[in-house]
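Below, each chain spelled out in residue letters.
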Amino acid sequence: GQQLNQSPQSMFIQEGEDVSMNCTSSSIFNTWLWYKQDPGEGPVLLIALYKAGELTSNGRLTAQFGITRKDSFLNISASIPSDVGIYFCAGQSSGTYKYIFGTGTRLKVLA
Amino acid sequence: DTGVSQDPRHKITKRGQNVTFRCDPISEHNRLYWYRQTLGQGPEFLTYFQNEAQLEKSRLLSDRFSAERPKGSFSTLEIQRTEQGDSAMYLCASSLIGPGGELFFGEGSRLTVL
C-alpha cells in the first residue's frame, strides 16, 4: 500500500536534546496528523494541522504544515525517556477521507 | 472508557480458518476506518465507512476480506481462509464527519496465522 516518506527512519538521542523529524509526500494534502505508537498499542494522536504554514504546539511538541502542502515537520524539545516510541505522520488529500500513513520514525532516548 | 474498543486483542489461528474482529467506535463518531499494520511498517488503509455505507476500499482488501457496519455503530472485519501473510495488527479508528476529521485509534487486534 501507499506510504509517505518519513525521515529519519530512526534516531538515538540523549535525554534533554531536541528532536526534529519530517514527512514528505508526492501529493498535496489538506490535513496532516502526527501520532505516537508504543509497542503493541494503537497510535495515539499528538497534533492535527489543517492549513498550509500552520504551526501548532502540544506541550513540548511542535508541528508545522509545510507551505507546499507536500510536507510536515514535528519537533520535540527537551526529550525525556517516555518520548521513546515510533512517530507516524498521516496525510489526507482532497476527494477522500482516508489517511495515508508514513513509514515511521523510531525514537530512542538515552538517559 | 469512551475510546475506540477492539475485540479480541489477540487471535492465533491456523491457516485456512476464518476470523472475525469487532470494533466499537467512539459513540458520536460517524466514520469508522480499518487499517492493517505489519511489523516495522506504518498503518495501511483497508476501508472506511460513513455511518453504515462503505465508501472506499483499498486494493489490499482482497475478496477474502469483508467489512460490515450494519447499523452504523460497531463494525466487523472478517478474514476467510486465512493465510500466513494475513498475520498483522488490525487497527480500527473512528472520526467525526467533516473534512480533516481526526482519527482516534483503538488498541488493535493482533492476528497470528500459523
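Predicted model, so just to flag it, every value in this text is computed and none were measured.

Within the structure shown, the criterion is met by two disulfides over all chains. Covalently, A:C23 is tied to A:C89 through a disulfide, its sulfur atoms 1.9 Å apart. Between A:C23 and A:C89 the sulfur-sulfur dihedral comes to about 45 degrees; the bridge is accordingly right-handed. Residue A:C23 is found in strand β3 (residues 19–24), and its partner A:C89 is found in strand β9 (residues 85–92); the two are separated by 66 residues along the sequence. According to the relative accessible area criterion, A:C89 is buried, its value standing at 0%. Each sulfur in the disulfide pair B:C23 and B:C92 lies 1.9 Å from the other. When the S-S torsion is -70 degrees, as for the bridge of B:C23 with B:C92, the disulfide is left-handed. Remark: B:C92 occurs in strand β9 (residues 88–95) and B:C23 occurs in strand β3 (residues 19–24); sequence separation between them is 69 residues.

What follows is about the packing of aromatic side chains. One pass over the structure, following the stated rule, counts 13 aromatic pairs over all chains. Positioned above the aromatic ring of B:F74 is the side chain of B:R22, whose terminal nitrogen or guanidinium carbon lies 3.9 Å from the ring centre. Note that B:R31 overlies the ring of A:Y97, its terminal NZ or CZ placed 3.5 Å from the centroid.

With that out of the way, let us pick up the interface of chain A and chain B. Between chain A and chain B, the contact holds 22 residues from the first and 27 residues from the second. A combined buried area of about 1,900 Å² lies between chain A and chain B, and 50% of that area is made up of carbon and sulfur atoms. For the pair chain A and chain B, the interface holds one salt bridge. With a shortest N-O distance of 3.3 Å, A:K98 and B:E56 are connected by a salt bridge. Elements with a contribution of two residues or more to the side of chain A that touches chain B: β4 (31–37), β5 (44–49) and β9 of chain A.

About the criteria used
- Residues numbered from 1 in each chain as written.
- Chains lettered and ligands numbered in written order.
- Predicted model: local features only at pLDDT ≥ 70, side-chain atom pairs only at ≥ 80, totals over all residues.
- Heavy atoms only, no water.
- Disulfide = S-S within 2.5 Å.
- Helix = DSSP H or I, 4+ residues; strand = E, 2+ residues; numbered from the N terminus.
- Buried < 20%, exposed > 50% of the residue type's maximum accessible area, 1.4 Å probe, protein only.
- Phe/Tyr/Trp six-rings, centres within 6.5 Å; stacked < 30°, edge-to-face > 60°.
- Lys NZ or Arg CZ within 6 Å of the ring centre and 35° of its normal.
- Contact = heavy atoms within 4.5 Å.
- Buried area = accessible area lost by both parts, 1.4 Å probe.
- Salt bridge = Lys/Arg side-chain N within 4 Å of Asp/Glu carboxyl O.

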